[in-house]
Every structure is written in structure tokens, then in C-alpha cells.
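So you can see what is in the structure, the chains are spelled out below.
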Amino acid sequence: MVGSIIFIILSMLLCVSFCVLRAEKATGFSLTLKILSSLAFIFAGILAMQINGFSTIGILILIGLVCGLAGDILLDLKIMYPQYNSAYFYSGTASFAVGHVFYFTATLLYILKINSSMLAWAIPVALVLAGLATLAIMLVSKKMNMEFGSVKWAVVSYSIILTFMFFFTVFVAIYSPIFWIFAGGMLIFLLSDLVLSMQYFGGRGEKIFIYINHILYYLAQNMFVLFLLLGL
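Thresholds applied
- Residues numbered from 1 in each chain as written.
- Predicted model: local features only at pLDDT ≥ 70, side-chain atom pairs only at ≥ 80, totals over all residues.
- Heavy atoms only, no water.
- Helix = DSSP H or I, 4+ residues; strand = E, 2+ residues; numbered from the N terminus.
- Polar contact = N/O pair within 3.5 Å; in protein donor to acceptor, adjacent residues only side chain to side chain.
- Core = buried A, V, L, I, M, F, W, Y, C linked by side-chain atoms within 4.5 Å.
- Buried < 20%, exposed > 50% of the residue type's maximum accessible area, 1.4 Å probe, protein only.
- Contact = heavy atoms within 4.5 Å.
- Expected span 1.5 Å × (residues − 1).
- Arc of directions from axis to C-beta.

Trainee: Is there a simple way to explain the side chain of T107 in this structure?
Mentor: Mapped onto the fold, T107 is located in helix α4 (residues 85–114). At a separation of 2.8 Å, a polar atom in the side chain of T107 contacts the main-chain carbonyl oxygen of Y103.

Trainee: What is the right way to look at the nonpolar core in this model?
Mentor: Nonpolar side chains in soluble globular proteins tend to be buried together. Ranked by size, the top nonpolar core spans 66 residues in total, and within it I61, L65, Y103, F182, M186, F189 and F224 carry the most contacts. Secondary structure elements with two or more residues in this core: α1 (2–22), α2 (28–52), α3 (56–80), α4, α5 (119–143), α6 (152–175), α7 (180–201) and α8 (207–230). The dominant element in this core, judged by the number of residues it contributes, is α6, at 12 residues. If we skip the residues at most four places from it in the chain, F182 touches I61, Y103, T107, T169, F224 and F227.

Trainee: Before we go on, may I ask you to explain α1 in this structure?
Mentor: An α-helical segment advances 3.6 residues per turn. Residues three or four places apart therefore align on the same side. Here α1 spans 30 Å end to end across 21 residues, near enough to the 30 Å set by a 1.5 Å rise per residue. Here α1 has its buried residues at S4, I8, S11, M12, L14, C15, F18, C19 and R22. All buried residues of α1 project into a common sector of 165° when viewed along the axis, lining one side. Opposite the packed face of α1, turned more than 90 degrees from it, sit the exposed residues V2, I6 and L13. Elements that come into contact with the buried residues of α1 comprise α2, α3 and α8.

Next comes the structure, spelled out in C-alpha cells:
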């Protein structure tokens, strides 16, 4: 347990170090710090599973964390090489979306163990709420003069996936209190991406947004690791 906690703390410290450099300029060294920060939470997850056993649920969550690492790299390359902006945005967003598919599958297996009957209403209700939340996000974005351009439908699709995961994990947590750790991580993940959208599409280039976005994101991933450590 101590090893996992050490790597979680290391991940957050490396994240802050990355933010300090990234706020000045996106460079190869800042990207290296970002990768190391992600590797730290992946190692923390591996150590957690060594304690609790390499269950299917744990492995699926770990794969989701690895997808986050890939998405991290691709989205930072988007900043470093703006001439390939769209390609890196699509591939980075796809990596995170695939990660959420693994998180969903892990959550599905988890709920099948504790209360499978809730699936009859939890999935459709979460989908409806995700659609409404995405509609609200897009309307607010329009009021804020955010321009999505050619990637609008990619943003909409990803928003539905992310908001669905938030609502679905909250429903699971109602039946299993320890799962609030995971659901809390999903909420923080959502908040991180909302901040990122303001940076990408709302022209918010202030340094504070870089700190808020990345600290929230790494906190979310480390909460998933904490669930691996305490919830499985």
C-alpha cells in the first residue's frame, strides 16, 4: 500500500513540475515530465493490484490509465506541432474515449457482482442524462462564444461518453459507497475536460487554466488508482 501511495504523490508532484514548465512553453522536456507523471499513476495501479490481486476489473482500469497516458502525449503534441492540430486532437480524444470504454466495462463487471438488477434502469437513465448534459454544455459553450469548428461532432460524441460515465458511476456508488472514490474521480475528470475545452475553443490561454486542467486530470486518474487500492 505504501508503494502505491508514494507513486500517487510522485505523480502529483511531477504534474505540478510539468505545469510550471508547460505554462511557459510546450517543450520536449515538459512532455517528458508529463509522461513520467502518467507512468507514476500507472505504476501505482500495478502496485495496488499486486496487493489485491490482478482481477479482470483491475486490469481493465489499468488499461484505461494507459489510454490516458497515450491521450496525454497526443494532446501535448497538438500544442507542440500546431500544423498537425486536428490529427493530434482526434487521436488524443479517441485515446481518452477508448479509456472510458475500459472504465465502463470495469464498472459494468463491478455492478454485476453487487446488484445486476440496477442495470435495467441505470444505463438508459445515464444515457438520457448524458444527452441532456451535453446539450446544456453546448448551449453554454455557445453563450461563451466557444468555437468548435470542424471538430464539433467529435466534441459532442466525447461529451456524451464522459457525462454518461459520470452519471453511471454515481448510480453504482449509490449501491456501493466505496465506489464513490471512482465516481468522484469521474466528476473531476469531467471538470478537467470542461476547463480544457475553454482553453482549446474559448481562447482561455491564461496560465492558471493550465494548472487547473492538469491538476484536476491527474487527481482524477489517481483517484481511480486509489479505488484499485481500497475498493477491490
